[in-house]
Amino acid sequence: MKTKLLLLSLLFFQTYAFAQLQSNPVSNSSQAGLNEAEAHIAINPSDSNQMAVGFMSQSATSGLGFKIYYSTDAGNSWSLSSFDAPTLSNPRYPGAVIAGGGDILLAYDQTGKLYTSWIYLYYNFNTDTAYFSGMWASSSNNGQSFQFENVNQSDEFFGRGILTNGLSNISNLYEGICDRQWMAVDHTEGNNANNLYVGFVNYTNTFAGLKVRSKKSTNSFFDNPVNAAVGSYQLSNLAVDNDGELHYSFARIDGNDGIYHVSSNDGGQTFSALNLVSSAQGTFPQSHQINDRVNAAPSLAIDGKNNLHVTWTSYPNSQDAQSFYSYSTDGGLSWSTPFNMSTALNLNSFYSNVTAHGDKVSISTYGIDNARQADYYLFLSTNNGASFGTPIKLTSQQSNLAGFANTDFAGDYTSSVRSECKTFSVWSDFRNAGQPKLYLSSYSDCAPLGFQEITTINSPFQISSLYPNPAQQELRISIFSENALKISATIYSIDGKVIIKNNQKVRQGEQEFIVPVSTLSRGNYTLVLQDDDGNKITRSFSK
């Protein structure tokens, strides 16, 4: 039966672009711990200090799960949510075990309610039956805890389906196979204010394509699914513009590859005809030197002038990967000539994503060379995407994917959000012996030279505060640590030179360290704290 489960994973992988499937342990890392990937970040539209990050985690011992971290200080520090997807989901299918899953998403409404959705694939060995479960829950305390808000158990799903008869038949029960979802909330004051939308690929015995479900802010359930695009389309992305119009971008993956867009001006009840954003090559190649899970990963954002922004990746062959960006000023009817980020980086690039706020547009993407050495980059525009500055390298150390097998766990996308001044990018970093770990970068484009701060989301230590800033005689650093450990503290000048470096013993709990800075020249500096396991936190300060 173990072989049966492995074959199940292979069947799904070859037939559909499903969420990451789990069979045997997929990390060949020599270090113990969790693999972390497929991260999604959200920011409260009414309070930019409140943020949340969700991601998949997987290990040989704990299997596949999800974690959510939340912040109340604009990403300075993070706390682990009590969210427990297996406990919430498992009672639905007695006798079945978790065999795969993915796609944890987050979205805030204007009141600060935080929604999450995720997918689990369950398998019952005795009945040779697979259950696809797309579930959702909400939090009223910024992600500290989540709960189902429905009365009927069936309303806990945004979609579910069953495979029977040797996994060859899609049951007519429920909505069919629902996968690769995305969520968006209406942040306007219109008729659909605070409505939650979820878009996903749907397979039944008679349908293949994309659907959307809507949940009114006053309801605890989703309305019936509505067709958004019929055919070989996947890789959903949703966003709501400033007039309350719902926009949907996605990829075609049947060989006639391309990136497409549709929209709805009636709260997701009907959708426009297809608009081609751009043709593309290899939107889901299934075999590539970067990773066999790579895909177009289209990303959609809307700026303050209602311009649409889309990024995606093309894979013209098994070696090359090129990320592109295009924008629309007419609601998606026409699109600009794609900007090739790979050309700007002089590197292959993949898993790009875009976020916008006001007139500012930020694009984050991997850049990788032919030796499979990767860094993570940021492109910034202050004129609604008409032009971008020189790409900014966010990583201080390359990821070595050369020792990372193509079939290993890598996730299917990255994400970012931005406020007026800061771009928050979250991605899987493979520097730790090929074991993917999540990193968060906060880059300020309001500071004169641009300040970058980077944090390992689930680091065992956090910087609670750093003051005064600017500093004169001394810099005080408050640290909270989950356990006793050693950290190195290094101060760099703006040109990357080491100015001060020392080692500190950190005890469990809260403590404060004082760093003399009276001898430093006036200017901008970066403080880097790092423990023996490679967890790193950077903060910027000035003198």
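Residues numbered from 1 in each chain as written. Predicted model: local features only at pLDDT ≥ 70, side-chain atom pairs only at ≥ 80, totals over all residues. Heavy atoms only, no water.

**A few points about the overall build of the protein**
Stage number 1. Broken down by element type, the protein carries three helices and 37 strands.
Stage number 2. When the 543 residues of the protein are sorted by exposure, 61% land in the buried category.
Stage number 3. Within the protein, contacts between residues separated by at least 24 positions form 54% of all contacts whose residues are at least 6 apart in sequence.
Stage number 4. Counting every atom, the protein has about 20,300 Å² of accessible surface; 46% of that belongs to carbon and sulfur. (Helix = DSSP H or I, 4+ residues; strand = E, 2+ residues; numbered from the N terminus. Buried < 20%, exposed > 50% of the residue type's maximum accessible area, 1.4 Å probe, protein only. Contact = heavy atoms within 4.5 Å. Areas by Shrake-Rupley, 256 points an atom, 1.4 Å probe, with all protein chains shown as cover.)

**Concerning the sheet that holds strand 16 (residues 258-264)**
Picture the strands of a sheet paired through backbone hydrogen bonds; they go either parallel or antiparallel.
Stage number 1. With antiparallel pairing, four strands are arranged side by side in an open sheet as 14-15-16-17. Only two strands of the sheet have a single partner each, and these edge strands are strand 14 (233-240) and strand 17 (275-279). Strand-to-strand twist of the sheet, defined as the mean angle between neighbouring strand axes without regard to direction, takes the value 20°.
Stage number 2. Alignment of strand 15 (residues 246-252) against strand 16, held across seven bridges, turns out to be antiparallel. Among the inter-strand pairings, Ser 249 is bridged to a residue of strand 16, identified as His 261. (Pairing = 2+ DSSP bridges. Axes fitted to C-alpha atoms, helices over the stretch in contact; angles between N-to-C directions.)

**What about the packing of aromatic side chains?**
Stage number 1. In this structure the tally under the stated criterion is 27 aromatic pairs.
Stage number 2. Taking 5.6 Å as the distance between ring centres and 75° as the angle between the ring planes, the aromatic pair formed by Tyr 233 and Tyr 260 counts as edge-to-face. Taken as a pair, Tyr 233 in strand 14 and Tyr 260 in strand 16 lie far apart in primary sequence, 27 residues in all.
Stage number 3. Residue class for Tyr 233 comes out buried when judged on its relative accessible area of 6%.
Stage number 4. Plain terms: the ring middles of Trp 312 and Phe 324 are 5.9 Å apart, the flat faces sit at 25° to each other, and that makes the pair stacked. Note that Trp 312 is positioned in strand 19 (residues 308-314) and Phe 324 in strand 20 (residues 322-328), a separation of twelve residues in sequence.
Stage number 5. Judged by relative accessible area, which is 0%, Trp 312 ranks as buried.
Stage number 6. Counting every residue linked through ring pairs, the aromatic cluster contains Phe 350, Tyr 351, Tyr 366, Tyr 376, Trp 427 and Tyr 439.
Stage number 7. In this arrangement the basic side chain of Arg 160 is found over the ring face of Tyr 174, its NZ or CZ atom lying 3.7 Å from the centre.
Stage number 8. A cation sits over an aromatic face here: Lys 211 above Phe 207, 4.5 Å from the ring centre. (Phe/Tyr/Trp six-rings, centres within 6.5 Å; stacked < 30°, edge-to-face > 60°. Lys NZ or Arg CZ within 6 Å of the ring centre and 35° of its normal.)

**A look at the pattern of salt bridges**
A pair can form between side chains of opposite charge whenever their charged atoms are brought close.
Stage number 1. According to the stated counting rule, one finds 13 salt bridges in the structure shown.
Stage number 2. Across the pair Lys 113 and Glu 149 runs a salt bridge, and its minimum N-O distance is 3.5 Å. Of the two residues, Lys 113 is situated in the loop between strand 5 (97-108) and strand 6 (114-124) and Glu 149 in the loop between strand 7 (129-139) and strand 8 (157-164); the sequence distance between them amounts to 36 residues.
Stage number 3. Residue class for Glu 149 comes out partly exposed when judged on its relative accessible area of 23%.
Stage number 4. The salt bridge partner of Glu 149 is Lys 215, with a shortest N-O separation of 3.9 Å. Of the two residues, Glu 149 sits in the loop between strand 7 and strand 8 while Lys 215 sits in strand 12 (residues 208-215), which places them 66 residues apart along the sequence.
Stage number 5. Through salt bridges that share partners, Lys 360, Arg 418, Glu 420 and Asp 445 make up one connected network. (Salt bridge = Lys/Arg side-chain N within 4 Å of Asp/Glu carboxyl O.)

**Observations regarding the state of the cysteines**
Stage number 1. Going through the model one piece at a time under the given rule, you end up with one disulfide.
Stage number 2. The side chain of Cys 421 participates in a disulfide bridge whose partner is Cys 446; the two sulfur atoms lie 2.0 Å from each other. Between Cys 421 and Cys 446 the disulfide shows an S-S torsion of about -90°. By sign, it is left-handed. One end of the pair, Cys 421, is in the loop between strand 27 (415-418) and strand 28 (422-429); the other, Cys 446, is in the loop between strand 29 (437-444) and strand 30 (451-456), with 25 residues separating them in the sequence.
Stage number 3. Here Cys 421 falls in the partly exposed class, since its relative accessible area comes to 27%. (Disulfide = S-S within 2.5 Å.)

**Regarding the sheet that holds strand 11 (residues 196-203)**
Stage number 1. Taken in spatial order, the four strands of this open sheet run 10-11-12-13, and their pairing is antiparallel. Each having just a single partner strand, strand 10 (177-185) and strand 13 (226-230) make up the two edges of the open sheet. Across the sheet, the mean angle from the axis of one strand to that of its neighbour is 25°, orientation sign disregarded.
Stage number 2. With four bridges connecting them, strand 12 and strand 13 associate as antiparallel partners. Residue pairing across strands places Lys 211 opposite Asn 227, the latter belonging to strand 13.

**So, unusual backbone geometry**
Stage number 1. Between Tyr 467 and the following residue, Pro 468, the backbone shows a cis peptide bond with an omega angle of -15°.
Stage number 2. Note on placement: Pro 468 falls in the loop between strand 31 (461-467) and strand 32 (474-481).
Stage number 3. The residue after Asn 469, namely Pro 470, is reached through a cis peptide bond having omega 15°.
Stage number 4. As for its position among the elements, Pro 470 is in the loop between strand 31 and strand 32.

**A look at the pairing of strand 16**
Stage number 1. Burial analysis of strand 16 places seven of its seven residues in the buried class, the great majority of the element.
Stage number 2. Taking every second residue as pointing to the same face, both faces of strand 16 are buried, with Gly 258, Tyr 260, Val 262 and Ser 264 on one and Ile 259, His 261 and Ser 263 on the other.
Stage number 3. Hairpin remark: strand 15 followed by strand 16, antiparallel, with five residues in the connecting loop; positive phi at Gly 255, about 105°.
Stage number 4. As paired strands, strand 16 and strand 17 are joined by four bridges and run antiparallel to one another. Considered in strand 17, the bridge of Ile 259 is made with Ser 278.

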